[in-house]
Amino acid sequence: MGSNRLSRRDFLRAGGAAAGAAALVPIAGGARAALAAPAASGKTEHVIFVAFAGGVRSRETVGSPNNIPNIMKKIADRGVVCPQMVTANVGHYGATLSMFTGNTEYMGIRENERGDHPTIFEYLRKQKEVPSRKVWLSAGGGTQQINFSYSLHKNYGANYGANIISSDGVFNAEFKDILDQFGRPAMPGEEESSALARLRDGMDADLKKHLTASAAANDAETTRRIEKFILDEISGNTTKITGPGAGDAKTVRVAANIMRVFKPTLLGISLIAADCAHGSFNNYVEVIRRNDEEIGALWDAVQNDPDLKDKTAIFIIPEFGRDKDLNQRNGLDHGDGSDDLRKVALVAAAPEFKKNAVMKQDFQTIDVCPTMCQLLGVKPETAPKSKVMKELWA
Ligand SMILES: [Zn+2]
């Protein structure tokens, strides 16, 4: 994981980062041409944004399709690949936040502050009056990533933030209230029925209303699943996963549960485990493969859900890449200014997008924010340097 020291160093290094030759990252199986796509079949109602962060080179993703068979076959082949996404090496935190705001965020020095620019969550919730239960962030990286949920912007902020959940629990205030009133189950063996009864008693009014509405609209089985889900998240039972990349795997799996139960309008997923590459190239590749499996399972679940299929868009992109050459530990750092570092690949699919297309032109990683905003019908009004990737539309 990036230490503060490293982030600052990255930040300083990035101070003059601008140049770099235009060596292209080859896409293996490059026969896939930018086809004229068939007419779009539907309209996006749900967006999943996977910040595949931690520093991931295109060489190990779209350049090595065997590492990411799910993303390539299930998503890229039915969507678009943009291998020329230019990014700024402003540290893991700043570069990842940049994708949520559409602005390059120089956060290297104040690593644990929230940003000044509204996030896509805030744009959506404020401009379209989307309720909080429809906007979620599954964050795997501890305290920094919690800051992706909302900004310090005076016209936006906490009232328009995303619900946050991580493998460590639920962080947002609304759910913290539930925790405070309900308490965590006293011990793992506590009977589910009594824990559920206490959960119902302690639940805050808004969520209770939601569940009551669900009870009216859904069958008893669905309502039971929602309650069980909340209980599992609170008691930490959802996922017991170990090994390299376990944190990311949990984060994606929790996100898949959120998708299934709440069917959010916008779901952010913030990963970080690939940064183990500093110390081990092999573990880094294992993280990529594991994340691909989990993202594949998430996408399968979307395709198997009639409420989500043909109405859900997905964007998968790292915040930056990594160095061209291995370090002395047979790992990969990030700071050499190479194209392996400063250009990453976006894989995306949406009902409105081209199918099986590779886009050759340069975009910026900050362009994913306005592009997702366009699909959701909102305007990123304080992101003047980013632009909608219009070329992706069929
Ligand atoms: Zn790092």
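Residues numbered from 1 in each chain as written. Predicted model: local features only at pLDDT ≥ 70, side-chain atom pairs only at ≥ 80, totals over all residues. Heavy atoms only, no water.

### Notes on unusual backbone geometry
No. 1: A positive phi angle, near 45°, is found at Lys263, a position not held by glycine.
No. 2: Note that Lys263 resides in the loop between α10 (246-262) and β6 (266-270).
No. 3: Although it is not a glycine, Asn330 adopts a positive phi angle of roughly 60°.
No. 4: When you line up the elements, Asn330 lands in the loop between β7 (312-317) and α12 (339-342). (Helix = DSSP H or I, 4+ residues; strand = E, 2+ residues; numbered from the N terminus.)

### Remarks on the nonpolar core
No. 1: Counting 45 residues, the largest nonpolar core has Phe49, Met85, Phe315, Leu346 and Val368 as the members making the most contacts within it.
No. 2: Of all the secondary-structure elements, those providing two or more residues to this core are β1 (46-51), β2 (80-86), α3 (91-101), α4 (120-127), β3 (135-139), β7, β8 (343-349) and α13 (368-376).
No. 3: No other element matches the 6 residues that α13 contributes to this core.
No. 4: Residues within four places of Phe49 in sequence aside, it is in contact with Met99, Phe100, Leu267, Gly268, Ile269, Phe315, Ile317, Val368 and Met372.
No. 5: If you look at the next biggest cluster of nonpolar residues, it comprises 43 residues, including Trp136, Ile316, Leu332 and Ala345. (Core = buried A, V, L, I, M, F, W, Y, C linked by side-chain atoms within 4.5 Å. Buried < 20%, exposed > 50% of the residue type's maximum accessible area, 1.4 Å probe, protein only. Contact = heavy atoms within 4.5 Å.)

### Here's the deal with the pattern of salt bridges
No. 1: A full pass over the atoms with the stated rule returns 11 salt bridges.
No. 2: Residue Asp275 pairs with Arg322 through a salt bridge whose shortest N-O separation is 3.1 Å. In this pair, Asp275 sits in the loop between β6 and α11 (281-303) while Arg322 sits in the loop between β7 and α12, placing the two residues 47 residues apart along the sequence.
No. 3: Asp275 sits in the buried class, given a relative accessible area of 1%.
No. 4: Three or more residues joined by partner-sharing salt bridges are found here, namely Lys263, Asp305 and Asp307. (Salt bridge = Lys/Arg side-chain N within 4 Å of Asp/Glu carboxyl O.)

### A short note on the side chain of Glu122
No. 1: Within the element layout of this structure, Glu122 appears in helix α4.
No. 2: Reaching out from Glu122, the side chain makes a polar contact with the backbone nitrogen of Gly157 at a distance of 2.7 Å.
No. 3: For Glu122, the contacting residues outside a window of four places in its chain are Gln127, Ser149, Tyr150, Ser151, Tyr156, Gly157 and Tyr160. (Polar contact = N/O pair within 3.5 Å; in protein donor to acceptor, adjacent residues only side chain to side chain.)

### Re α3
No. 1: Most of α3 sits out of view: 11 of its 11 residues are buried.
No. 2: Taken as a whole, α3 has its buried residues at Gly91, His92, Tyr93, Gly94, Ala95, Thr96, Leu97, Ser98, Met99, Phe100 and Thr101.
No. 3: Of the residues one or two after α3, Gly102 is the one with positive phi, at around 80°.

### Digging into the pairing of β3
No. 1: Across the 5 residues of β3, 5 count as buried, placing the element largely inside the fold.
No. 2: Here β3 shows a buried face lined by Val135, Leu137 and Ala139 and a second buried face lined by Trp136 and Ser138.
No. 3: Where β3 lies against β6, 5 bridges are found, and the strand directions are parallel. In the sheet register, Leu137 faces β6, and the bridge partner there is Gly268. (Pairing = 2+ DSSP bridges.)

### Section: the coordination of the zinc ion
No. 1: Around the zinc ion, the protein supplies His92 (NE2), Asp275 (OD), Asp275 (OD), His278 (NE2) and His334 (NE2) as donor atoms, at distances of 2.1 to 2.4 Å.
No. 2: Counting residues between consecutive donors of the zinc ion along the chain gives the motif H-x182-D-x2-H-x55-H. Linking His92 in helix α3 with Asp275 in the loop between β6 and α11, this pair joins segments that are 183 residues apart in sequence. (Donors = N, O, S within 2.8 Å, 3.2 Å for Na, K, Ca; no water.)

### Some details on the packing of α4 against α13
No. 1: Running from N to C, α4 and α13 point in directions that differ by 25°, and their axes come no closer than 10 Å. The orientation of α4 relative to α13 falls into the category roughly parallel. Crossing of α4 over α13 shows right-handed handedness. Contact residues: α4 offers Ile120, Tyr123 and Leu124, while α13 offers Cys369, Met372, Cys373 and Leu376. (Axes fitted to C-alpha atoms, helices over the stretch in contact; angles between N-to-C directions. Parallel < 35°, antiparallel > 145°, perpendicular 65-115°, else oblique. Left-handed = near helix turned anticlockwise from the far one by under 90°.)

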